[in-house]
Amino acid sequence: STHASAHFIRNELAKAIRSRGGAHQANSLLGGVDEDGPSMYHLDYLGSLEKVNFGAQGYASYFSLSLMDRHWKKNMTMEEGKELLKLCISQLDTRFIINNPNFRLVAVTAEGKVLDEVLDGHAST
Amino acid sequence: SGPSDSSSGEGSRARRAVERPGRHKQQGGRRRGAMSILEYNGSALVAMTGKNCVAIASDTRFGAQQLTIGTNMKRVFKMNDKTLLGLSGLASDVMTVSQKLRLQTDMYKLQEEREMKPSVFNNMLSSFLYARRFGPYFVEPLVAGLEGPENKPFIAGQDLLGASVFTDDFVVCGTSEQELFGTCESFYKPNLGPDELFETIAQCMLAAVDRDCLAGWGGVVHILTPTKYIVKELKGRHD
């Protein structure tokens, strides 16, 4: 299950921070759909874990989290989700110093269908 | 509880021995300067005694320095029917320590066929933390429980190396430690019933975290009486 995977990864990350090789330098967002429905987990390179409704890593978080606070609602459809993501990316395109609005969307549905496509997040103006 | 001077003392050499956030210029890029690793995620906890009851309150913010990532972080854990554990400090270690202590408590229950008393749990936690003297877990725990057949309220606080402090009124820890000392010292009264204790501890928590940017974003209070275990969420400022 997603919950189990998230905790497994968390334990591996937490083990690594005090190991000889040091922390695994990777922050992650884990998303999955299982019997309990969809869930998303925010993982830190130190091994912090938090179940979230939406998340962002890296500089994107400074621009996206507040947008998602405002627009996310429970049981959004795939289309609504994509629109929200496009909105976040367009904000990055507008306000973020690194000009790269080319994002790849990877999604998984309850039926087990896996999406892997390019998301057009260019700002409208 | 906990050393108030974060830049020197027995913990500082230990803190340098472990991977520190910011060493590889992780997110935010800001130089961490004198900010202690115990303040990286932000937290606030307080434990209080009442008449035949104890309560632990915590905030629920999960942040990475100035950025708030989550607002529903669990910091208070029920170890057994008579013991509550609250952990402040680095979020990763809060989870790791609570998991390892749960193992210890459950193994004790299986082997001894009795529940671990809060004072025994506190000692065990102290040894557990000191075992990592030169590479410690960056947590500052609070233990609250009901001791023995008379259910005498028991609270204790420790620093990251396992030095315990025992009081009969309240213990505090976290980034809002100093604010919490102020509010608790003013509002605390001995021998409060569970409802009054809840009201008191909640007000102490909410007032204190409103003056701390790293803690807050919601709160939770766990109350333990001989017959009941109640968890209540607090409505506070989300900023």
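Being a predicted model, the structure only gives us computed values, none of them experimental. (Residues numbered from 1 in each chain as written. Chains lettered and ligands numbered in written order. Predicted model: local features only at pLDDT ≥ 70, side-chain atom pairs only at ≥ 80, totals over all residues. Heavy atoms only, no water.)

Trainee: How would you summarise the overall build of chain A if you had to cite specific residues and measurements?
Mentor: Looking only at helices and strands, chain A has three helices and five strands in total. From first element to last, N terminus to C terminus, chain A shows the α and β order α-β-β-β-α-α-β-β. C-alpha extents for chain A along the principal axes are approximately 50 × 35 × 25 Å. Within chain A, the proportion of its 125 residues that are buried is 38%. (Helix = DSSP H or I, 4+ residues; strand = E, 2+ residues; numbered from the N terminus. Buried < 20%, exposed > 50% of the residue type's maximum accessible area, 1.4 Å probe, protein only.)

Trainee: Would you mind going over the packing of helix H2 (residues 91-112) of chain B against helix H3 (residues 118-130) of chain B in detail, with residue names and values included?
Mentor: Packed helices, taken two at a time, are described by the angle between their axes plus the distance between the axes. Residue and element names in this part refer to chain B. Where H2 contacts H3, the two axes come as close as 11 Å, and the packing angle between them is 130°. If you check the angle between H2 and H3, you find them oblique. Between H2 and H3 lies a crossing whose hand is right-handed. Contact residues: H2 offers Val97, Lys100, Leu101, Gln104, Thr105 and Tyr108, while H3 offers Val120, Phe121, Met124, Leu125 and Phe128. Taken together, the residues that form the contact of H2 with H3 break down as eight nonpolar, two polar and one charged. (Axes fitted to C-alpha atoms, helices over the stretch in contact; angles between N-to-C directions. Parallel < 35°, antiparallel > 145°, perpendicular 65-115°, else oblique. Left-handed = near helix turned anticlockwise from the far one by under 90°. Contact = heavy atoms within 4.5 Å. Nonpolar A, V, L, I, M, F, W, Y, C, P; charged D, E, K, R; others polar.)

Trainee: Explain the confidence of the model for chain B to me, using residue names and the numbers behind them.
Mentor: All names here are of chain B. Per-residue confidence for chain B averages 89 on the pLDDT scale, and 86% of its residues sit at or above 70. Taking the mean pLDDT of every element in chain B, the minimum, 51, falls on helix H1 (residues 10-16) and the maximum, 98, on H3. Across residues 1-10 the pLDDT falls below 50, and counting only partners more than four positions away or on other chains, this stretch makes 22 contacts in the model. Per the prediction output, this complex has pTM 0.86; the corresponding ipTM is 0.86. (pLDDT = per-residue confidence, 0-100.)

Trainee: Provide a residue-level description of the pairing of strand S8 (residues 152-158) of chain B, including the pertinent values.
Mentor: Residue and element names in this part refer to chain B. In terms of burial, S8 is a largely internal element, five of the seven residues being buried. Pairing of strand S7 (residues 139-147) with S8, which is carried by six bridges, proceeds in the antiparallel orientation. Within the sheet, the bridge partner assigned to Glu147 lies in S8 and is Lys152. Where S7 hands over to S8, the hairpin turn is made up of four residues, of which Gly148 adopts a positive phi near 75°. (Pairing = 2+ DSSP bridges.)

Trainee: I'd like to hear about the pairing of strand S10 (residues 170-174) of chain B, residue by residue, with values.
Mentor: Residue and element names in this part refer to chain B. Within S10, five of the five residues are buried, which leaves it mostly tucked inside the rest of the structure. In terms of strand pairing, strand S1 (residues 44-50) meets S10 through five bridges, oriented antiparallel. Opposite Leu45, over in S10, you have Cys173 as the bridge partner.

Trainee: Residues and numbers for the sheet that holds strand S2 (residues 37-43) of chain A, please.
Mentor: Residue and element names in this part refer to chain A. With respect to topology, three strands assemble into an open sheet ordered S1-S2-S3, the strand pairing being antiparallel. Pairing within the sheet leaves two strands with one partner each, and these edge strands are strand S1 (28-34) and strand S3 (49-52). Within this sheet the neighbouring strands show an average axis-to-axis angle of 25°, counted without direction. Alignment of S1 against S2, held across seven bridges, turns out to be antiparallel. Within S2, the position partnered with Gly31 by the bridge is Met40. Against the sheet, helix H1 (residues 2-17) engages S1, S2 and S3, with an angle of about 155° to S1.

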